[in-house]
Amino acid sequence: VFLVALGLVAIRELRPRHAFVIVPALLTLALDVFNASDISNRRMSPGGFSWTTVVPADELRAFDWIKSQTPASAVVQWDVRARGTGEWAMIPALAERRMAVGIPIFLLDLQKYRTRERRHVRPIFGSGDAAEAHRKAVAQGIDFLILGSTETAIRGARLRPLFEAEERFRVAFEEGDVAVLEVLPP
C-alpha cells in the first residue's frame, strides 16, 4: 500500500519529458512478463539460442536423487561436450552440486576450461577404457558421473565398460535413460 501511495504522489509530479523514460520502461516490463510466462516456446531464436531447455523427467529424478542422497560436497560430472553450452549448468542449478569442469559462457579466459575438459574429462566418457576413466575421474575429484540419453547417443558403446568395471564404478541410481555412477575409491 505504501508503494502504491508513493506511486500516486509521483504521478502528480510527472512532466511530459518523463514519458521518454517511463514509456520504454513500461513496454520492457510488459515484454518481460510475457516472455517469462511463455514456457511453451521451444523453437530456436533467430540467433540460434534455445529459449527453453527441456529437461527429461528421468534427469529431473536423477537431479533430485543427487540432491537428497549425496553429500553436499560431492562433485558430479556429465559429458560437457555432449551436453553443450546450453546445459552445462544444470547440475549446479538443479542438483545443487559442483562439477569438476563446465563450459562457462561468460568468462574472458575460456581456453583454460576447454583445455581441462578436453584433456581430463572428455576421456572419461569417450575412451572406452574403464581404468583410464576411473583414474581421470579420481584425479579430478569426481564422485559421481551422470550418463543420460545424450551421453549414450553420442558415446554409445564406449560407455559400456564403465558399467562393467564394478571395482571402479557402482550404479548408484538408474531410472529410464539415466544412470548415476559412483566413482569408487582406488
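Residues numbered from 1 in each chain as written. Predicted model: local features only at pLDDT ≥ 70, side-chain atom pairs only at ≥ 80, totals over all residues. Heavy atoms only, no water.

Let us look at the overall build of the protein chain. For the protein chain, the helix and strand inventory stands at 9 helices and 4 strands. Along the protein chain, helices (α) and strands (β) appear in the sequence α-α-α-β-α-α-α-α-β-α-α-β-β when read from the amino end. When each of the 186 residues of the protein chain is scored for burial, the buried share is 34%. Here the protein chain displays about 11700 Å² of accessible surface, and carbon together with sulfur accounts for 60% of that area. (Helix = DSSP H or I, 4+ residues; strand = E, 2+ residues; numbered from the N terminus. Buried < 20%, exposed > 50% of the residue type's maximum accessible area, 1.4 Å probe, protein only. Areas by Shrake-Rupley, 256 points an atom, 1.4 Å probe, with all protein chains shown as cover.)

Here the focus is the nonpolar core. Within the largest apolar cluster, 20 residues are counted, with the highest numbers of intra-cluster contacts made by Ile91, Ile146 and Val180. Looking at which element gives the most residues to this core, the answer is helix α3 (residues 57-69), with 4 residues. Those residues within four positions of Val180 in sequence are excluded, and the remaining contacts are Ala62, Trp65, Ile66, Phe144, Leu145, Ile146, Arg170, Val171, Ala172 and Phe173. Listed in part, the 18 residues of the second largest apolar core include Val75, Ile124, Ala137 and Ala165. (Core = buried A, V, L, I, M, F, W, Y, C linked by side-chain atoms within 4.5 Å. Contact = heavy atoms within 4.5 Å.)

This part covers helix α6 (residues 111-126). Maximum bend of α6: about 40 degrees, positioned at Arg118. Close packing links the buried residues of α6 with β1 (76-77), α4 (80-83), α7 (130-139), β2 (144-147), α8 (149-155) and α9 (160-164). Among the residues trailing α6, Gly128 stands out with phi positive, at a value near 80 degrees. (Bend = angle between axes of the 7 residues up to and from the residue.)

Right, let's get into the packing of aromatic side chains. To describe a pair of aromatic rings, you give the distance between the ring centres and the angle between the ring planes. Under the counting rule described, the total for this entry stands at 3 aromatic pairs. Taking the centre distance of 6.2 Å and the plane angle of 80 degrees together, the rings of Trp65 and Phe144 count as edge-to-face. Of the two residues, Trp65 sits in helix α3 while Phe144 sits in strand β2, which places them 79 residues apart along the sequence. Phe144 gets classed as buried once you look at its relative accessible area, which sits at 7%. A cation over a ring is seen here: Arg83 above Trp78, with NZ or CZ 3.7 Å from the ring centre. (Phe/Tyr/Trp six-rings, centres within 6.5 Å; stacked < 30°, edge-to-face > 60°. Lys NZ or Arg CZ within 6 Å of the ring centre and 35° of its normal.)

One pass over the structure, following the stated rule, counts 11 salt bridges. Between Arg61 and Asp58 there is a salt bridge; the shortest N-O distance is 2.9 Å. Residue Arg61 and its partner Asp58 are located together in helix α3, separated by 3 residues, close to a single helical turn. Relative accessible area serves as the criterion here: at 17%, Asp58 is assigned to the buried category. Among the ionic pairs, Arg83 bridges to Glu59, the shortest N-O distance being 3.0 Å. With Arg83 in helix α4 and Glu59 in helix α3, this pair connects stretches of sequence that are 24 residues apart. Classification of Arg83 as buried rests on a relative accessible area of 6%. In the salt-bridge network here, residues are joined through shared partners; they are Glu59, Arg83, Glu87 and Glu151. (Salt bridge = Lys/Arg side-chain N within 4 Å of Asp/Glu carboxyl O.)

As a further point, take the pairing of strand β4 (residues 178-183). For β4, the buried fraction is high: 5 of the 6 residues fall into the buried class. Pairing analysis gives 4 bridges linking β2 to β4, with the strands arranged antiparallel. If you follow Ile146 over to β4, its bridge partner there is Val180. Summarising the sheet, strand β3 (residues 169-175) and β4 pair through 6 bridges and their orientation is antiparallel. (Pairing = 2+ DSSP bridges.)

Below, the discussion takes up the environment of Ala131. Within the secondary structure layout, Ala131 lies in helix α7. Once the C-alpha coordinates of Ala131 and Arg168 are considered, the two residues, 37 residues apart in sequence, prove to be 7.7 Å apart.

This next bit is on the side chain of Glu151. Mapping Glu151 onto the fold places it in helix α8. Setting aside residues up to four positions removed in sequence, Glu151 forms contacts with Trp78, Asp79, Arg83, Ile146, Gly156 and Leu159.

Another aspect to go through is the environment of Thr150. With respect to the helices and strands, the residue Thr150 is situated in helix α8. C-alpha separation for the pair Thr150 and Ala82, spaced 68 residues apart in sequence, amounts to 6.6 Å. Once residues within four sequence positions are removed from consideration, Thr150 is found in contact with Ala82 and Arg83.

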